[in-house]
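Each chain, written out:
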Amino acid sequence: MSRPRPEPVQVVKQRRDAALAALVASVPYARFLNITFDRRGDELTAQLNFDHKLIGNPFLPAIHGGVTAAFLEMTAVMTLTWANLWERIESGSLDVEELAAGKLPRQPKTIDFTVDYLRSGLPRDAYARATVSRSGRRYASVHVAAWQDHRDKLFAQATGHFLMPQEAATQSSTSPEFVADAAPGDKA
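Residues numbered from 1 in each chain as written. Predicted model: local features only at pLDDT ≥ 70, side-chain atom pairs only at ≥ 80, totals over all residues. Heavy atoms only, no water.

J.: I'd love a proper account of the packing of aromatic side chains, names of residues and values included.
T.: Counted according to the given criterion, the structure contains three aromatic pairs. Above the plane of the ring of Phe 32 lies Lys 53, whose end atom (NZ or CZ) is 4.1 Å from the centre. Its end group placed over the ring of Trp 147, Arg 151 keeps NZ or CZ at 4.7 Å from the ring centre. (Phe/Tyr/Trp six-rings, centres within 6.5 Å; stacked < 30°, edge-to-face > 60°. Lys NZ or Arg CZ within 6 Å of the ring centre and 35° of its normal.)

This is the structure:
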């Protein structure tokens, strides 16, 4: 019995990159803030590309606190979504063309998000990585750390708790939990 021939590395890399690009493109606020993601295997590093519109205090100058919080939350959500999709991306069961066409899986919803501002964000690019502390069927906990010049010198960090999206096969249209969650026009 012979094994199936493995896919070429370029095909696997293209599938992973296309899936990540579709996820990031699905969030208009990430595009507005110019947040990009660098993928190394299953690990994501977010980059907040500096722009003068991000400055909140022009006298320091410092990145606006709301921009910092949004950057951290976006990093947490994308990392959590990526971690949950990783097996489907690797197996090839996730159709990248469907992702690119806008048929995206639901993303986790924020329950709470606590940001610690450790120092002012300087007018330059910022980077962040999230660590999924716990991820279950219904709930996930994520920690995010952001830095600019040196990874050991954080300028902000956050902890968030998220409600995980339920698989369509396990959802019941009669369950009030999912009816309230559905958008108008959505079918349960």
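Read on, since the account is not over.
J.: Give me the lowdown on the environment of Gly 56, citing residues and values where you can.
T.: Along the chain, the position of Gly 56 falls in strand β3 (residues 55-57). Note: C-alpha distance between Gly 56 and Val 67 (11 residues apart in sequence) is 8.6 Å. Setting aside its immediate chain neighbours within four residues, Gly 56 contacts Ala 62, Ile 63 and His 64. (Helix = DSSP H or I, 4+ residues; strand = E, 2+ residues; numbered from the N terminus. Contact = heavy atoms within 4.5 Å.)

J.: Can you lay out unusual backbone geometry for me, pointing to particular residues and giving the numbers?
T.: A cis amide bond, omega -25 degrees, links Leu 60 with the succeeding residue Pro 61. If you trace the backbone, Pro 61 turns up in the loop between β3 and β4 (62-63). At Asn 34, a position not held by glycine, the phi torsion is positive, near 60 degrees. Along the chain, the position of Asn 34 falls in the loop between α2 (28-33) and β1 (35-40). Judged by its relative accessible area of 38%, Asn 34 falls in the partly exposed class. (Buried < 20%, exposed > 50% of the residue type's maximum accessible area, 1.4 Å probe, protein only.)

J.: So what about the confidence of the model for the protein? Which residues, and what values?
T.: Where the model shows low pLDDT, its predicted coordinates should not be examined in detail. In this model, the protein carries a mean pLDDT of 84, and residues with pLDDT of at least 70 account for 86%. Ignoring residues within four places in sequence, the model shows residues 168-188, a span with pLDDT below 50, making 12 contacts including any to other chains. (pLDDT = per-residue confidence, 0-100.)

J.: Before we move on, can you summarise the pairing of strand β8 (residues 154-163) with the specific residues and values?
T.: With eight bridges connecting them, strand β5 (residues 109-117) and β8 associate as antiparallel partners. Bridged to Asp 112 within β8 is His 161. Linkage of strand β7 (residues 139-147) to β8, two consecutive antiparallel strands, is achieved through a turn of six residues. (Pairing = 2+ DSSP bridges.)

J.: Any details on the sheet that holds β7? Residues and values, ideally.
T.: Reading across the sheet, the six strands line up as β1-β2-β6-β7-β8-β5 and stay open at both edges, with antiparallel pairing between neighbours. At either margin of the open sheet sits one strand with a lone partner, and together these are β1 and β5. Between one strand and the next, the sheet's axes are offset by a mean angle of 25 degrees, whatever the strand orientation. Two strands pair when backbone bridges link them, and β7 and β8 are joined in this way by nine bridges, in the antiparallel orientation. Bridged to Val 142 within β8 is Gly 160. Lying on the sheet, helix α3 (residues 65-91) is in contact with β1, β2 (43-48), β5, β6 (126-135), β7 and β8; it crosses β6 at an angle near 50 degrees. (Axes fitted to C-alpha atoms, helices over the stretch in contact; angles between N-to-C directions.)

J.: Report on a nonpolar patch on the surface, specifying residues and quantitative values.
T.: On the surface, Ile 111, Tyr 139 and Leu 163 cluster together into a nonpolar patch covering about 250 Å² of accessible area. Positionally, Tyr 139 belongs in strand β7. Using a relative accessible area of 31% as the deciding quantity, one classes Tyr 139 as partly exposed. (Patch = residues over 30% accessible without salt bridge, like charges linked within 9 Å, V, L, I, M, F, W, Y side chains within 5 Å. Areas by Shrake-Rupley, 256 points an atom, 1.4 Å probe, with all protein chains shown as cover. Salt bridge = Lys/Arg side-chain N within 4 Å of Asp/Glu carboxyl O.)

J.: Got a sec to walk through the environment of Arg 138? Specific residues and values, please.
T.: Within the element layout of this structure, Arg 138 appears in the loop between β6 and β7. What makes Arg 138 partly exposed here is its relative accessible area of 36%. Distance from Arg 138 to Pro 108, taken between C-alpha atoms, is 9.5 Å for residues 30 residues apart in sequence.

J.: Go over α3, please, and point to the residues and values.
T.: An α-helical turn contains 3.6 residues, so a residue and the one three or four places further along point in the same direction. With 27 residues, α3 extends 39 Å from end C-alpha to end C-alpha; this agrees with the ideal 39 Å at 1.5 Å per step. Along α3, the sharpest kink reaches roughly 45 degrees, centred on Leu 85. (Expected span 1.5 Å × (residues − 1). Bend = angle between axes of the 7 residues up to and from the residue.)

J.: Tell me about the pattern of salt bridges, residues and numbers included.
T.: A side chain with one charge can pair with a side chain of the opposite charge if their charged atoms come near. As enumerated under the stated definition, the model contains five salt bridges in all. The shortest N-O distance in the salt bridge between Asp 17 and Arg 39 comes to 2.9 Å. Of the two residues, Asp 17 is situated in helix α1 (residues 9-25) and Arg 39 in strand β1; the sequence distance between them amounts to 22 residues. By relative accessible area, which is 29% here, Asp 17 ends up partly exposed.

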